[in-house]
Amino acid sequence: MIAELTHRCPLQCPYCSNPLDLLKAADEKPTDFWAALITEAAQLGVLQIHFSGGEPTARRDLPALIAHATALGIYTNLITSAVLLDEAKLGELARAGLAHVQISIQGANAESADRIGNYRNGHEKKLAIARLVPALGMSLTINAVVHRQNLHELPEMIELAASLGADRLEIAHVQYHGWALRNRAALMPTREALRQADAVVAEQREKRRGSMAIDYVIPDYYADTPKICMGGWGQKLLIVAPDGRVLPCHAAETIPHLAFQHAGAHPLREIWETGPAFTAFRGTGWMREPCASCAFKELDFGGCRCQALALSGDARATDPACHRAPDHENLQHIAADEAGSGITSFHYRRYAHS
Ligand code: SF4
Ligand code: SF4
């Protein structure tokens, strides 16, 4: 379960996975709502809770929620920009039982990273907190989101993650939903830059084997087969938005005909097992051709529904990342055009642009 406690965040990353319509503090659910939800999640069989946002450390009740989940035997992970943390706050989270911390970096150096996140001195703060995570007995993952404007820094980002004592580095090319879709022309890499990045990752994986695991998420626009989005719609993951709506994926609310239920108003088990949003694209029964008769349909489940809607105008269409999709060639033209656009300015993720 991904618990998005808030959409508030001091950073303004132009590829943020939050929706364009950001929820305000007044829309957020209180502590007793989240505590009751965590209890229900444990009863449903949830094994891990990822506390996320926005910036989850903006919530003062975060230590209490981590302690509650830990007491119920749930593994806890914090996904954070880290800029609101200090040693005392991080220590409080560790004592509450936090097992794992994922810290995002926007680049390999302060100049680049602070420009991309539009937050002065953020990079140095992140590094200072990241160094404390292993010392406090928690596992550390560094999340590096890469795109045309920082991909050349990839070797330095990998070196940086290793120097911070990260157990794992997740290098993820931007996925073009929400804010990233709005900023696509400023973010899309060239095919040649992608090829070079692939080679760097392959070499560094070998070099770091046994010391730091490197996960790598490639950009759909240059792929020939789609990703198994969210591990299969409604099969492994549920996301709870700051206002209590339960979603099958981050971008699901862009699909207009889906109805999302609120935790608290319905039992979590009912939402997960029979709720209309979770059953809409679970399994393969909803598929059309070419997916319906494809040998891979139970491996990738037709790819991403939100991307199919955004690029083909139909959430039931085959993800255009697939070479069998009618819109696949169009996707590659978009990538080539936008990679060469020369656009460098960002439409930052902020309430005024929401
Ligand atoms: S992607 Fe950037 S703006 Fe969005 S929540 Fe994370 S740190 Fe904040
Ligand atoms: S046709 Fe559908 S099921 Fe087959 S590989 Fe493409 S997206 Fe996957």
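Residues numbered from 1 in each chain as written. Chains lettered and ligands numbered in written order. Predicted model: local features only at pLDDT ≥ 70, side-chain atom pairs only at ≥ 80, totals over all residues.

**A few points about the pairing of strand E4 (residues 100–105)**
Remember that side chains alternate between the two faces of the sheet whenever the strand is regular. E4 sits mainly inside the fold: five of its six residues count as buried. Of the pairings in the sheet, the one linking strand E3 (residues 75–80) to E4 comprises four bridges and is parallel in character. Bridged to Asn77 within E4 is His100. A crossover links E3 with its parallel partner E4, the connecting element being helix H3 (residues 87–96), and its sense is right-handed. Both E4 and strand E5 (residues 139–146) contribute to a ladder of six bridges, which runs parallel. (Buried ≥ 20, exposed ≤ 12 C-beta atoms within 10 Å, placed from the backbone. Helix = DSSP H or I, 4+ residues; strand = E, 2+ residues; numbered from the N terminus. Pairing = 2+ DSSP bridges. Right-handed = clockwise from strand over helix to strand, strands pointing away.)

**Brief notes about the nonpolar core**
In terms of nonpolar packing, the biggest core is built from 96 residues, with Phe51, Ile142, Ala161 and Leu169 touching the most fellow members. Take this core: its biggest share by element is five residues, from E5. Those residues in contact with Leu169, other than ones at most four positions away along the chain, are Ile142, Ala144, Ile158, Ala161, Met212 and Ile214. (Core = buried A, V, L, I, M, F, W, Y, C linked by C-beta atoms within 7 Å. Contact = placed C-beta atoms within 7 Å.)

**Focus: the site of ligand 2**
Taken together, 14 residues lie near ligand 2, and Cys291, Cys294, Phe296, Lys297 and Cys322 sit nearest. Of the residues contributing to the shell around ligand 2, the split by class is six nonpolar, four polar and four charged. (Near = placed C-beta within 6 Å. Nonpolar A, V, L, I, M, F, W, Y, C, P; charged D, E, K, R; others polar.)

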